[in-house]
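Structure at a glance
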Amino acid sequence: MTDVGEPLVVLKDVNKHFGDLHVLRDINLTIHRGEVVVVIGPSGSGKSTLCRAINRLETIGSGTISIDGKELPEEGKDLARLRSDVGMVFQSFNLFSHMTVLDNVTLGPIKVRKVPKAKAVERARELLTRVGVEVQEKKMPAQMSGGQQQRVAIARSLAMDPKVMLFDEPTSALDPEMINEVLDVMTSLAKSGMTMVVVTHEMGFARRAADRVVFMADGEIVEQNTPEEFFTNPQSSRAQDFLSKILAH
């Protein structure tokens, strides 16, 4: 486990409604630099909404979210700048289908960070090696497996040198045999000290890689603890119920 640093992502009294549905209820959560926080809970508990709110892909009704001491603005250039500090990996791989793997990874650094092309390519190749798809750099996304595409998506996010990485159920669209290759990359990323917020159904990953498990139900954070404590000794009846259902299989 890493020694965690100062607060990096801070959510204060965050609320969000979809119509009559109160999907985030008074969320207070602080994620420290270098910390790996895994968010789990039943479907519809607000996990993905929480994850997407951290980089304003979802707007919030009330409360504040700040990243590295700066509050997230509503829109405009400041938001784009802050967003570039937050890497995001989704269920779907969201790669540009008309571009090669290498071009997918170098696009952001060249266009947004104004990195010279040669330097961006060098860095992209390092990252593709790190996620284990370096031999695929000239391929188009459609020529790769889902697991390979998701690893490219992780490399693409890392190429922006983000302060924090958000993962919204990154393995849920993958075939079972590809899940581990993505989780292995995420585990090594966690060990390297990257600040990560991961929404996932993969309890093995939560146990192995998390510094803290946050359990959500009905839009609320019901309980949070170390993986060891949470999985062996859940405090709330909601968490006990959830774990008995998933760990029984």
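These numbers come from a predicted model, not from an experiment.

1. Some thoughts on the sheet that holds strand β4 (residues 62-67)
Here we have 4 strands laid out as an open sheet, ordered β2-β1-β4-β5, and antiparallel in their pairing. Taken across any chain shown, the strands that pair with only one partner, and hence form the sheet edges, are β2 (21-32) and β5 (70-71). Relative to β4, strand β1 (residues 7-18) runs antiparallel, the two sharing 5 bridges. Bridge pairing in β4 links N15 to S62.

2. Details of helix α5 (residues 146-159)
For α5, which comprises 14 residues, the first-to-last C-alpha distance of 20 Å matches the rise-based estimate of 20 Å (1.5 Å per residue) to within 8%. Burial runs high along α5: 14 of the 14 residues are buried. Directly after α5, the chain includes D161, whose backbone phi takes a positive value near 55 degrees.

3. So, the nonpolar core
One finds I40, I154, M165, F167, M186 and M196 to be the most contacted residues of the largest nonpolar core, which totals 49 residues. For M186, the residues in contact, after removing those within four places along its chain, are I154, F167, P170, M196, V198 and F205. Residues L8, L29, F90 and M216 belong to the second largest nonpolar core, which totals 29 residues.

4. A short note on the packing of helix α4 (residues 117-130) against α5
Contact geometry of α4 with α5 gives a least axis separation of 9 Å together with a crossing angle of 140 degrees. If you check the angle between α4 and α5, you find them oblique. As α4 packs across α5, the resulting crossing turns out to be right-handed. From α4, R123, L127 and L128 reach across to α5, where they touch V152, A155, L158 and A159. Broken down by class, the residue content of the contact of α4 with α5 amounts to 6 nonpolar, no polar and 1 charged.

5. Re the UniProt feature "domain: ABC transporter" (unreviewed entry) in the protein
Here the UniProt feature "domain: ABC transporter" (unreviewed entry) sits at residues 9-243. The span residues 9-243 carries 38% helix and 26% strand; its end-to-end C-alpha distance comes to 27 Å.

6. Observations regarding unusual backbone geometry
Backbone geometry follows two general trends: most residues other than glycine have a negative phi, and most peptide bonds adopt the trans configuration. Even without being a glycine, N94 presents a positive backbone phi close to 55 degrees. By the secondary structure assignment, N94 is in the loop between β6 (86-89) and α3 (101-111). We classify N94 as partly exposed; its relative accessible area is 40%. With phi around 50 degrees, D218 is a residue other than glycine that occupies positive phi space. With respect to the helices and strands, the residue D218 is situated in the loop between β9 (212-217) and β10 (220-225). The class of D218 is partly exposed, set by a relative accessible area of 47%.

Each value, and the rule that gives it
- Residues numbered from 1 in each chain as written.
- Predicted model: local features only at pLDDT ≥ 70, side-chain atom pairs only at ≥ 80, totals over all residues.
- Heavy atoms only, no water.
- Pairing = 2+ DSSP bridges.
- Helix = DSSP H or I, 4+ residues; strand = E, 2+ residues; numbered from the N terminus.
- Expected span 1.5 Å × (residues − 1).
- Buried < 20%, exposed > 50% of the residue type's maximum accessible area, 1.4 Å probe, protein only.
- Core = buried A, V, L, I, M, F, W, Y, C linked by side-chain atoms within 4.5 Å.
- Contact = heavy atoms within 4.5 Å.
- Axes fitted to C-alpha atoms, helices over the stretch in contact; angles between N-to-C directions.
- Parallel < 35°, antiparallel > 145°, perpendicular 65-115°, else oblique.
- Left-handed = near helix turned anticlockwise from the far one by under 90°.
- Nonpolar A, V, L, I, M, F, W, Y, C, P; charged D, E, K, R; others polar.
- UniProt positions renumbered as here; feature names shortened; annotations may be inferred.

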